[in-house]
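If you want the building blocks of each chain, they are given just below.
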Amino acid sequence: APRVIAPGAVWLPGFLDEAGQAWIIRQYAQWRSGPVPPHATTIRGHPMSVTTIGLGWHWRPGRYDREAKDVNNELVLPFPDWMTRLGRQVIDAAAEAVAADPDSPASAPAAWGLDPGAYDPDVALVNYYDENAKMGMHQDKDEHDPAPVVSLSLGDTCTFRFGNTETKNRPYEDIRLASGDAFVFGGPARFAFHGVTRIHPDTAPSYARLDDLGGGRINITMRATGRK
Ligand code: MD5
Ligand code: FE
């Protein structure tokens, strides 16, 4: 069942069915073999342990760009319409879960940006985590639009650390995100610190194993950049 983790943070375990997970994993194989392959973004001289494909925009630390010049001088891949539809379905399910949650105020769905008709993401960051990859505690602040972030997990389970808006340290909650899970971060949760502390190898269900990649996890985050 869906769970409101904190104001603005809604976890939807098993949102994608088996066929939906397998379909997105096949899409990933196509993006990976396309003109803009996954690349490790370098932050202050250090390559990140995840590799990224951007759809709609190319993410660099601190800004979004149309040109992925550091990856073969290519233009970024387009943001697909099916992704917008899927994002709206996630927002819709989150709004329903929040409306049914006795601990969330009646104003919560609107205050947290959970309006499927208004949800118009223009970038998806598709991150691949091998079994040793991590993502340190950070805030996602490069977007100039307060729209919620929709996150989808595929492949192996990870431990996701959901923190607070003030510090990288406690209090935080560790959550295992499994293949097919969706998560929405809006309203007061939009700028919370968060990270991925570990990948749990060989935990993907058979239909979602990333066999071509030797296992691991894919995370898709949809965002609205607020840029033209
Ligand atoms: C992941 N990815 O599971 C996470 C999930 C990233 C990233 O952190 O930046 O690619 S998405 C998490 C997210 C986004 C916006 C706000 C919050 C979490 N939050 O308030 O916790 O690989
Ligand atoms: Fe993030």
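In this report, the structure presented in the accompanying data block is examined. (Residues numbered from 1 in each chain as written. Chains lettered and ligands numbered in written order. Predicted model: local features only at pLDDT ≥ 70, side-chain atom pairs only at ≥ 80, totals over all residues. Heavy atoms only, no water.)

This part is about the sheet that holds strand 17 (residues 217-223). In spatial order, the strands read 1-2-15-12-17-10-5; together these 7 strands make up an open sheet with antiparallel pairing. Because the sheet does not close on itself, it has two edges, and the strands there are strand 1 (3-6) and strand 5 (51-55). Here the average twist between neighbouring strands, direction ignored, is 20°. Here 7 bridges tie strand 10 (residues 123-129) to strand 17, and the two strands are oriented antiparallel to one another. If you follow Y128 over to strand 17, its bridge partner there is I218. Taken strand by strand, helix 2 (residues 81-99) contacts strand 1, strand 2 (9-12), strand 5, strand 10, strand 12 (149-155), strand 15 (182-185) and strand 17, and its axis lies near 105° from that of strand 2. (Pairing = 2+ DSSP bridges. Helix = DSSP H or I, 4+ residues; strand = E, 2+ residues; numbered from the N terminus. Axes fitted to C-alpha atoms, helices over the stretch in contact; angles between N-to-C directions. Contact = heavy atoms within 4.5 Å.)

Taken together, H138 (NE2), D140 (OD), D140 (OD) and H194 (NE2) make up the protein donors of the iron ion (ligand 2), found 2.1 to 2.6 Å from the metal. Here the iron ion (ligand 2) binds 6 donor atoms, and the angle range of 51 to 173° at the metal identifies the geometry as irregular. Taken in sequence order, the residues that donate to the iron ion (ligand 2) follow the motif H-x1-D-x53-H. Of this pair, D140 sits in the loop between strand 11 (135-138) and strand 12 while H194 sits in strand 16 (residues 194-200), and the two are 54 residues apart along the sequence. For D140, a relative accessible area of 10% translates into the label buried. (Donors = N, O, S within 2.8 Å, 3.2 Å for Na, K, Ca; no water. Tetrahedral: all angles 85-135°; square planar, octahedral: opposite > 155°, others 65-115°. Buried < 20%, exposed > 50% of the residue type's maximum accessible area, 1.4 Å probe, protein only.)

Next up on the list: helix 1 (residues 18-32). The first and last C-alpha atoms of helix 1 sit 21 Å apart over 15 residues, in line with the 21 Å expected at 1.5 Å per residue. Where helix 1 is concerned, the buried positions are G20, Q21, A22, I24, I25, Q27, Y28 and W31. Where helix 1 is buried, its residues touch strand 5, helix 2, strand 10, strand 12 and strand 17. Between the side-chain oxygen at the start of helix 1 and the backbone nitrogen of A19 there is a gap of 3.3 Å, and the oxygen is on D17. (Expected span 1.5 Å × (residues − 1). Polar contact = N/O pair within 3.5 Å; in protein donor to acceptor, adjacent residues only side chain to side chain.)

A few words now on the site of ligand 1. Ligand 1 sits among 19 residues. The nearest are Y129, D140, A189, H194 and R217. For ligand 1, an oxygen atom lies 2.9 Å from a polar atom in the side chain of H194. Measuring from an oxygen atom of ligand 1, one finds a side-chain N or O atom of N219 at 3.3 Å. The fraction of the free accessible surface of ligand 1 (500 Å²) that becomes covered by protein chains is 98%. A majority-of-atoms criterion places ligand 1 in the largest pocket. Those elements that provide at least two residues to the shell around ligand 1 are strand 10, strand 11, strand 12, strand 13 (157-162), strand 16 and strand 17. (Near = heavy atom within 4 Å. Areas by Shrake-Rupley, 256 points an atom, 1.4 Å probe, with all protein chains shown as cover. 1 Å grid on protein atoms, 1.4 Å probe; cavity = no way out; pocket = protein on both sides within 12 Å on 5 of 7 lines; lining within 4 Å. Sits in = over half its atoms within 2 Å of the grid points.)

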